[in-house]
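# Structure assessment
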Amino acid sequence: MNAKQLKNALLQHAIQGRLVPQDPDDEPADVLLQRIRAEKEQLIKEGKIKKQKPLPPLTEEEKPFAIPDSWQWVRLGEIGYWTAGATPARTNKDFYEDGSIPWLKTGDLENVRHASCYTSFLQRIQAKAR
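In this report, we go over the structure that sits alongside the text. Because the structure is a prediction, the values reported are computed rather than measured.

If you tally the helices and strands in the protein, you get four helices and two strands. Tracing the protein from N to C terminus, the helices and strands come up as α-α-α-α-β-β. Expressed as a percentage of its 130 residues, the buried residues of the protein come to 18%. For the protein, contacts bridging at least 24 residues in sequence account for 57% of all contacts bridging at least 6. A total accessible area of about 10200 Å² is found for the protein, and carbon and sulfur atoms account for 53% of it.

Below you can see the structure in the form of structure tokens.
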């Protein structure tokens, strides 16, 4: 197994919840998701984000593998806010160096089916780039 294969295997085990034993004292996903929904509702009330159309529930066919019981499958739109617009110029290093805001271009998400694919697109930007 070469380094790339090892990295991919580790990532696959991690996203499937098989890399380390699950801690029964960890907060369950449904509690975290309730907090995320409440925060999104607050941002909508404050006019910081727009209310989005409800997303259909995931079907069993859309779930590519089993996950631990304390985890939950969700659509990205349930835990984040997606909007169209221009990507901050990648040539401006001030936007990307030491960034703390997770950033995915929506164009990068076309035809991506599994979460493991997103890691190759994820970047972090500075607040001034938004």
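Read on for the rest.
Moving on, we come to the side chain of K40. Looking at the secondary structure, you find K40 in helix 2 (residues 29-45). Although K40 lies buried, it forms no salt bridge, and the closest oppositely charged side chain, E41, sits 7.8 Å away as judged by the N-O distance. Polar side-chain contacts of K40 include one of 2.7 Å to the backbone oxygen of G77. Beyond its immediate chain neighbours, meaning those up to four positions away, K40 contacts I49, Q52, G77, E78 and G80.

An ideal rise of 1.5 Å per residue puts 18 Å on 13 residues; helix 1 (residues 3-15) measures up with 18 Å between its terminal C-alpha atoms. For helix 1, the side-chain oxygen to backbone nitrogen distance between the N-cap and K4 is 3.1 Å, and the N-cap itself is N2. Note on helix 1: the residue one or two positions beyond its end, G17, has a positive phi of about 75 degrees.

Parameters and conventions
Residues numbered from 1 in each chain as written. Predicted model: local features only at pLDDT ≥ 70, side-chain atom pairs only at ≥ 80, totals over all residues. Heavy atoms only, no water. Helix = DSSP H or I, 4+ residues; strand = E, 2+ residues; numbered from the N terminus. Buried < 20%, exposed > 50% of the residue type's maximum accessible area, 1.4 Å probe, protein only. Contact = heavy atoms within 4.5 Å. Areas by Shrake-Rupley, 256 points an atom, 1.4 Å probe, with all protein chains shown as cover. Lys, Arg positive; Asp, Glu negative; His and termini not counted. Salt bridge = Lys/Arg side-chain N within 4 Å of Asp/Glu carboxyl O. Polar contact = N/O pair within 3.5 Å; in protein donor to acceptor, adjacent residues only side chain to side chain. Expected span 1.5 Å × (residues − 1).

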